[in-house]
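A closer look at the structure
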Amino acid sequence: MANTKRELFLKRRLRVRNRIKAMANGRLRLSVHRSNKNISAQLIDDVNGVTVAAASTLEKDLGFVGKNNIEAASKVGAVIAERARKAGIEECYFDRGAFLFHGKVKALAEAAREGGLKF
């Protein structure tokens, strides 16, 4: 039973993702990744295996390069919602990965909802 933190993280991420894929019915997946320095979000079409839209704090025009705070997460959420609207997407599933739904992940989700995405 000597599971490392990384192994537990990967198991938790796959468990969440598989539940979402089982209910997807062709809807896109809004996947969030949070590192120590950045946060990113992608709208992924699992049927075709294509990323439709993406946003990250690594983009210089957002002005949050190397920052991973609630303000940056909110900005990324607003940008991904705007890019989704341009791509003609209104509904998706929120894939929090192995991260808990609070703090930065929650701020990103709320900003995306305010921007017009439904999940």
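Scroll up a little and you will see the structure.
Residues numbered from 1 in each chain as written. Predicted model: local features only at pLDDT ≥ 70, side-chain atom pairs only at ≥ 80, totals over all residues. Heavy atoms only, no water.

The next subject is the overall build of the protein chain. The secondary structure content of the protein chain amounts to three helices and four strands. If you list the helices and strands of the protein chain from N to C, you get α-β-β-β-α-β-α. Computed over C-alpha atoms, the radius of gyration of the protein chain comes to 14 Å, within 12% of the 14 Å expected from 2.2 N^0.38 for 119 residues, which places it in the range of a compact globule. The 119 residues of the protein chain split such that 40% are buried. Total accessible area on the protein chain is roughly 7,200 Å²; 50% of this is exposed by carbon and sulfur atoms. Distance from the positive charge centre (24 side chains) to the negative charge centre (12 side chains) of the protein chain: 8 Å. (Helix = DSSP H or I, 4+ residues; strand = E, 2+ residues; numbered from the N terminus. Rg over C-alpha atoms; globule rule 2.2 N^0.38 Å. Buried < 20%, exposed > 50% of the residue type's maximum accessible area, 1.4 Å probe, protein only. Areas by Shrake-Rupley, 256 points an atom, 1.4 Å probe, with all protein chains shown as cover. Lys, Arg positive; Asp, Glu negative; His and termini not counted. Charge placed at Lys NZ, Arg CZ, Asp CG, Glu CD.)

A separate point is unusual backbone geometry. We note that Asn 25 has phi near 55°; this positive angle belongs to a residue other than glycine. As for its placement among the helices and strands, Asn 25 is situated in the loop between α1 (5-23) and β1 (28-34).

Mapped onto the secondary structure, Ala 72 falls in helix α2 (residues 70-86). When the C-alpha atoms of Ala 72 and Ala 55 are compared, they prove to be 11 Å apart, with 17 residues separating the residues in sequence. If near-sequence neighbours (up to four positions away) are discounted, Ala 72 is found in contact with Thr 57, Phe 64 and Lys 67. (Contact = heavy atoms within 4.5 Å.)

What follows is about α1. Over its 19 residues, α1 extends 28 Å from the first C-alpha to the last, a length consistent with the 27 Å expected when each residue adds 1.5 Å. Among the structural elements, β1 and β4 (92-95) are those in contact with the buried residues of α1. Downstream of α1 by a residue or two, Asn 25 has a phi angle that is positive, lying close to 55°. (Expected span 1.5 Å × (residues − 1).)

Within the secondary structure, Gly 97 sits in the loop between β4 and α3 (104-114). Judged by its relative accessible area of 5%, Gly 97 is buried. For the pair Gly 97 and Val 32, spaced 65 residues apart in sequence, the C-alpha to C-alpha distance is 6.5 Å. Not counting chain neighbours up to four residues away, the residues in contact with Gly 97 comprise Arg 12, Arg 13 and Val 16.

Nonpolar side chains in soluble globular proteins tend to end up buried together. The biggest cluster of nonpolar side chains holds 29 residues, and the ones touching the most others in it are Leu 30, Leu 43, Val 76, Ile 80, Phe 94, Leu 108 and Leu 117. Among the secondary structure elements, those contributing two or more residues to this core are β1, β2 (39-45), β3 (50-56), α2, β4 and α3. Considering each element in turn, this core owes the most residues, seven residues, to α2. Those residues within four positions of Phe 94 in sequence are excluded, and the remaining contacts are Ile 20, Leu 30, Val 32, Phe 101, Val 105, Leu 108, Ala 109 and Phe 119. (Core = buried A, V, L, I, M, F, W, Y, C linked by side-chain atoms within 4.5 Å.)

Whether parallel or antiparallel, the strands of a sheet pair through hydrogen bonds between backbone atoms. Taken in spatial order, the four strands of this open sheet run β3-β2-β1-β4, and their pairing is mixed. This sheet does not close on itself; its edge strands, each paired only once, are β3 and β4. Each neighbouring strand pair of the sheet contributes to a mean axis angle of 20°, computed without reference to strand direction. Bridge count for β1 against β2 is six bridges, and the pairing is antiparallel. Looking at β2, one finds that Ser 31 is bridged to Gln 42. (Pairing = 2+ DSSP bridges. Axes fitted to C-alpha atoms, helices over the stretch in contact; angles between N-to-C directions.)

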